[in-house]
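This is what each chain is made of:
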Amino acid sequence: MTGMDTALSIKGLTKRFGGLTAVDNIDIQFPKGILNAVIGPNGAGKTTLFNLVTGMVPATSGRVMFEGNDLIGRAPHEIVSRGLSRTLQIKSVFGGMSVMDNIRIAVFAHEGISSPFRPARGYRAANDRVEHILEDTGLDRLASSSAGALSYGDVALLEIALALANKPRLLLLDEPICGMSPSETERTVERIVRLAETTDIILIEHDMEVVFAIADLITVMAQGQLLMQGTPNEVAGDSGVQEVYLGTPEDME
Amino acid sequence: MTAQRLKWLGVAAVAAGLGLAPVLLKFFGGLFWINVIAEILIWSLLAASVNLLLGYVGLLSFGQALYFGFGMYGVAIGISQFGLGLWPAFFLGIAAATAMAAVAGAIAVRLTWHYFAIITVVFSLIFYFVAMSAKSITGGDDGLSFSAPPLWKAAGWLLTDRTVQYYFIYLVCAACFTGMAFLIASPLGMRFNAVRDNEQRASLIGINVYYTRWIAFVISGLLAGVGGALFALFGRYASASYMFYHVSGEAVVWAIVGGIGSLLGPLVGTALLILFRELVSGLWENYLIAVGAFVILVVMFAPRGIVGIFSDLVEGRDRRKADARAALRNLAEAE
């Protein structure tokens with residue numbers, strides 16, 4: 001692997017929780033410049049994979065190469081500052097702050113601004129970026145609302161906004177549209193597609209309609225292992241994939 | 001916006017009132033009270049150090065008296081052993097407290113919740129016993145007495161003049177609270193809040209949670225140290241008994257009653273409970289029962305403390321307006 005044409009390259013990655021092997025010695029290449037999706041039944045190890053990549057869970061063994069560096073063994077905040085952001089399956093933001101301040105602190109964190117003396121509201125360049133992100137994500141209508149009082153769909157949107165504040169070069173989205181209304185889903189999916197033009201994205205999603213409509217390459221996981229990787233058409237026609245999702249014909253009878 | 005302005009008006013009123021206190025008390029002939037107010041101001045710094053950790057970073061420390069004690073001993077040892085002047089001794093006390101907080105914090109902030117609370121108690125107990133047994137340096141149980149050097153020799157400013165002493169304490173405390181106001185409104189203050197609200201999310205936007213907590217712990221130790229240094233100069237005395245975790249616990253109570261997460265909450269709580277003690281303890285020796293009942297009521301019905309009740313009143317109107325506006329906009333969008 002040259003590493004130039006892959007957004008993320010995973011080699012021999014394993015995670016054991018006691019006797020359970022959640023991620024079992026997998027090798028995956030996620031190509032650059034396309035929208036990647038990861039699917040698989042519950043318990044396939046998708047979220048654990050994201051947790052390993054972002055340093056939130058220590059790996060048992062293996063390597064995760066991002067822009068030529070191994071991410072394994074690094075703290076989450078270090079990985080984020082290298083340009084890899086993620087959203088969480090269980091959405092959460094800074095509930096005690098306004099939506100605008102949520103984004104402001106994320107912009108500060110990205111820019112490394114941590115002065116104890118200057119008023120936080122006085123950074124013009126940061127303010128401009130906050131405004132821009134608010135408009136870009138459609139959260140400007142809620143800018144001064146408390147983030148703790150948002151609907152679940154808006155929290156999910158704010159999570160994406162926080163990730164974008166980091167100007168990520170690779171964005172991992174863990175079920176980004178879960179809990180959204182149909183109209184919110186439509187708008188968010190549009191945004192993700194637009195985002196994918198400039199940012200590499202790897203998406204975990206259970207909504208198959210969405211995945212097959214927008215993903216360029218689908219990675220299928222089952223029981224902690226890589227089952228296959230292919231275009232939506234290849235995956236839809238694969239008997240192995242049908243088997244893990246629907247069971248074998250014998251099971252069904 | 002109006003809520004913010006009203007709050008700052010309140011802060012300014014408190015500052016002005018305290019600044020005029022000696023003049024007013026002299027006028028009414030009750031200058032005795034000036035020392036009570038000075039003591040309240042000093043202890044409010046210890047409560048403020050609890051507040052910085054609990055209210056802004058979400059860490060409950062039961063060991064802030066340790067840094068208060070280091071501030072005291074820094075001053076007392078600086079003056080009585082090294083023969084330092086008032087200001088060098090004052091800064092020695094603050095430096096000693098801050099350095100101790102830097103060391104203890106590096107270990108303590110690896111933990112959170114009750115583990116953090118326990119380790120802060122452990123640190124303060126260790127040094128309490130060290131100070132108790134190192135009699136030759138600390139005076140142990142008896143403490144260290146000294147006579148305070150002049151504040152400013154040329155101007156003839158001495159701490160023995162109660163008014164001079166009061167203004168010295170008042171200005172130092174005002175500087176501390178001003179610094180804290182700037183800190184809270186700064187990007188670093190926002191980092192503190194982010195770590196308090198959601199540690200995991202904070203690390204996922206690139207914040208080093210451990211380092212952020214450590215910085216807060218050191219600043220909080222500095223605040224307690226300033227309080228201790230002032231208290232040593234105020235009493236011309238330092239004693240290990242002020243490092244006991246009982247003292248830390250009292251500061252936690254002051255901060256909670258006054259209102260954690262607000263700038264002046266600790267000052268209000270400290271003032272209220274010290275005044276209560278001054279007025280009632282002479283008449284009723286079990287007055288702490290009343291204090292306990294009061295604390296329980298506050299925790300149950302006003303978790304943001306006394307200052308929290310006022311800010312809820314002031315902010316409520318603004319927030320209702322903003323929420324209504326947002327709801328309308330949402331409706332319009334859904335149409």
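The rules we used
Residues numbered from 1 in each chain as written. Chains lettered and ligands numbered in written order. Predicted model: local features only at pLDDT ≥ 70, side-chain atom pairs only at ≥ 80, totals over all residues. Helix = DSSP H or I, 4+ residues; strand = E, 2+ residues; numbered from the N terminus. Rg over C-alpha atoms; globule rule 2.2 N^0.38 Å. Contact = placed C-beta atoms within 7 Å. Buried ≥ 20, exposed ≤ 12 C-beta atoms within 10 Å, placed from the backbone. Domains from an automatic or database assignment. Expected span 1.5 Å × (residues − 1). pLDDT = per-residue confidence, 0-100. Pairing = 2+ DSSP bridges. Axes fitted to C-alpha atoms, helices over the stretch in contact; angles between N-to-C directions. Nonpolar A, V, L, I, M, F, W, Y, C, P; charged D, E, K, R; others polar.

Notes on the overall build of chain B
- Helix and strand content of chain B: 14 helices and 2 strands.
- By the compact-globule yardstick of 20 Å for 335 residues, chain B fits well, its C-alpha radius of gyration being 21 Å.
- Projecting the C-alpha coordinates of chain B onto the three principal axes gives extents of approximately 80 × 50 × 45 Å.
- Long-range pairs, those at least 24 residues apart, make up 75% of the contacts in chain B with a sequence separation of at least 6.

Points about the overall build of chain A
- For chain A, the helix and strand inventory stands at 10 helices and 10 strands.
- Counting only C-alpha atoms, chain A reaches 65 × 40 × 35 Å along its principal axes.
- Counting the 253 residues in chain A, one finds 43% classified as buried.
- Partitioning the intrachain contacts of chain A with sequence separation of at least 6 by distance along the chain shows that 65% fall at a separation of at least 24.

Overview of the domain arrangement of chain A
- Taken as a whole, chain A is organised into domain 1 (6–89 + 170–252) and domain 2 (94–149).
- A C-alpha centroid distance of 29 Å is found between domain 1 of chain A and domain 2 of chain A.

So, helix H3 (residues 65–80) of chain B
- For H3(B), built from 16 residues, the straight-helix expectation of 22 Å at 1.5 Å per residue is met to within 8% by its first-to-last C-alpha distance of 22 Å.
- The element H3(B) is largely enclosed, with a buried count of 15 among its 16 residues.

A few points about unusual backbone geometry
- With phi around 50 degrees, A:Asn25 is a residue other than glycine that occupies positive phi space.
- Within the element layout of this structure, A:Asn25 appears in strand S2 (residues 20–31).
- Of note, the phi angle at B:Arg236 is positive, near 50 degrees, even though the residue is not glycine.
- Tracing the chain through its elements places B:Arg236 in the loop between helix H10 (209–235) and strand S2 (237–238).
- Here B:Arg236 falls in the partly exposed class, since 17 other C-beta atoms lie within 10 Å of it.

Details of the confidence of the model for chain B
- Averaged over all residues, the pLDDT of chain B is 91; the fraction at 70 or higher stands at 97%.
- Both scores are available for the predicted complex, with the pTM at 0.91 and the ipTM at 0.89.

Here's the deal with the pairing of strand S9 (residues 217–222) of chain A
Residue and element names in this part refer to chain A.
- Where strand S3 (residues 35–39) lies against S9, 4 bridges are found, and the strand directions are parallel. Paired with Asn 36 across the bridge in S9 is Leu 217.
- When S9 meets strand S10 (residues 225–230), the two strands line up antiparallel, connected through 5 bridges. Counted as the bridge partner of Met 221 is Leu 226 from S10.
- Counting the residues that bridge the hairpin from S9 to S10 gives 2 residues, and of these Gln 223 lies at a positive phi of roughly 50 degrees.

Focus: the sheet that holds S10(A)
Residue and element names in this part refer to chain A.
- The 6 strands are arranged S6-S7-S8-S3-S9-S10 in an open sheet whose pairing can be described as mixed. Sheet topology places strand S6 (84–86) and S10 at the edges, where each strand pairs with a single neighbour. For this sheet the average axis-to-axis angle between neighbouring strands, irrespective of direction, equals 20 degrees.

Side note on the interface of chain A and chain B
- With 33 residues of chain A in contact, the opposing surface of chain B contributes 23 residues.
- Those elements giving two or more residues to the side of chain A that touches chain B turn out to be helix H2 (76–81) and helix H3 (99–111) of chain A.
- Looking at the side of chain A that touches chain B element by element, the count peaks at 7 residues for H3(A).
- For the side of chain A that touches chain B, the per-class residue count stands at 17 nonpolar, 11 polar and 5 charged.

Structural notes on the sheet that holds S2(A)
Residue and element names in this part refer to chain A.
- The strand order S2-S1-S4-S5 describes an open sheet built from 4 strands, whose pairing is antiparallel. Looking along the sheet, the strands with just one partner apiece sit at the ends: S2 and strand S5 (69–70).
- Here strand S1 (residues 6–17) runs beside S2; their pairing, made up of 8 bridges, is antiparallel. Following the sheet pairing, Lys 15 is matched in S2 by Val 23.

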